[in-house]
Amino acid sequence: MKPLSTPSAAATLLERIIDGEGAMLRSLALNGPTTATLTLSVQDKHRGYDWIDIVFEISGMNDAKLVDDKQLGFIDTDEGITVVFENGQWGLAVGRYGGMEALKSAPLYVIGTSLKYEEAPFSG
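Residues numbered from 1 in each chain as written. Predicted model: local features only at pLDDT ≥ 70, side-chain atom pairs only at ≥ 80, totals over all residues. Heavy atoms only, no water.

## Comments concerning the pairing of strand 6 (residues 81–86)
With six bridges connecting them, strand 6 and strand 7 (residues 89–94) associate as antiparallel partners. Counterpart to E86 in the pairing with strand 7 is Q89. The hairpin turn running from strand 6 into strand 7, its antiparallel successor, is two residues long, and N87 in that turn takes a positive phi close to 50 degrees. (Pairing = 2+ DSSP bridges. Helix = DSSP H or I, 4+ residues; strand = E, 2+ residues; numbered from the N terminus.)

As structure tokens, then:
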């Protein structure tokens, strides 16, 4: 996994994956009491808009609104995703939000102390 160490690194990734607009939410897993993994299928500008999977892992989780995997398909991703870094905390949410407090109104969000990602082949 590659850590997102700065807001500019997150912005670069989001630009590359078109802010996750129209993403397919594949899975949401709790990997322990303070770690969650969200897997999305997104289009990648660097690969001619081919589909890839992006796996986000947020650690040091201290706030979240999670849903069961069976509900992921019902969450609208037309607005994409939001990644926010404020006060030493990372926030990841489905939808477009202007800050950490705003993203807490998202249908799915996770807030924690570190955010990593990795690319994977499209799970089709």
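Still more to cover.
## Here's the deal with the pattern of salt bridges
Scanning all chains against the criterion turns up six salt bridges. Close ionic contact of E119 with R16 constitutes a salt bridge, the shortest N to O distance being 2.8 Å. Of this pair, E119 sits in strand 9 (residues 114–120) while R16 sits in helix 1 (residues 7–16); the two residues are 103 residues apart in sequence, bridging distant segments of the chain. Relative accessible area serves as the criterion here: at 25%, E119 is assigned to the partly exposed category. Exposure remark for R16: the relative accessible area of 13% places this residue in the buried category. (Salt bridge = Lys/Arg side-chain N within 4 Å of Asp/Glu carboxyl O. Buried < 20%, exposed > 50% of the residue type's maximum accessible area, 1.4 Å probe, protein only.)

## Considerations on the sheet that holds strand 6
Within the open sheet, the four strands sit side by side as 5-8-7-6. Their pairing is antiparallel. The sheet is open, and its two edges are formed by strand 5 (63–65) and strand 6, each paired on a single side. For this sheet, the mean angle separating the axes of adjacent strands, direction not counted, is 10 degrees. Of the pairings in the sheet, the one linking strand 5 to strand 8 (residues 109–112) comprises three bridges and is antiparallel in character. By the bridge assignment for strand 8, D63 is matched with I111. Those strands touched by helix 1 are strand 6 and strand 7, and its axis lies near 175 degrees from that of strand 6. (Axes fitted to C-alpha atoms, helices over the stretch in contact; angles between N-to-C directions. Contact = heavy atoms within 4.5 Å.)

## Thoughts on the pairing of strand 4 (residues 50–59)
Among the ten residues that make up strand 4, eight are buried, leaving the element largely enclosed by the rest of the structure. Across ten bridges, the pairing between strand 3 (residues 35–44) and strand 4 is antiparallel. Bridging across to strand 4, V42 finds its partner in I52. Connecting strand 3 to the next strand, strand 4, in antiparallel fashion are five residues, including G48 with a positive phi near 65 degrees.

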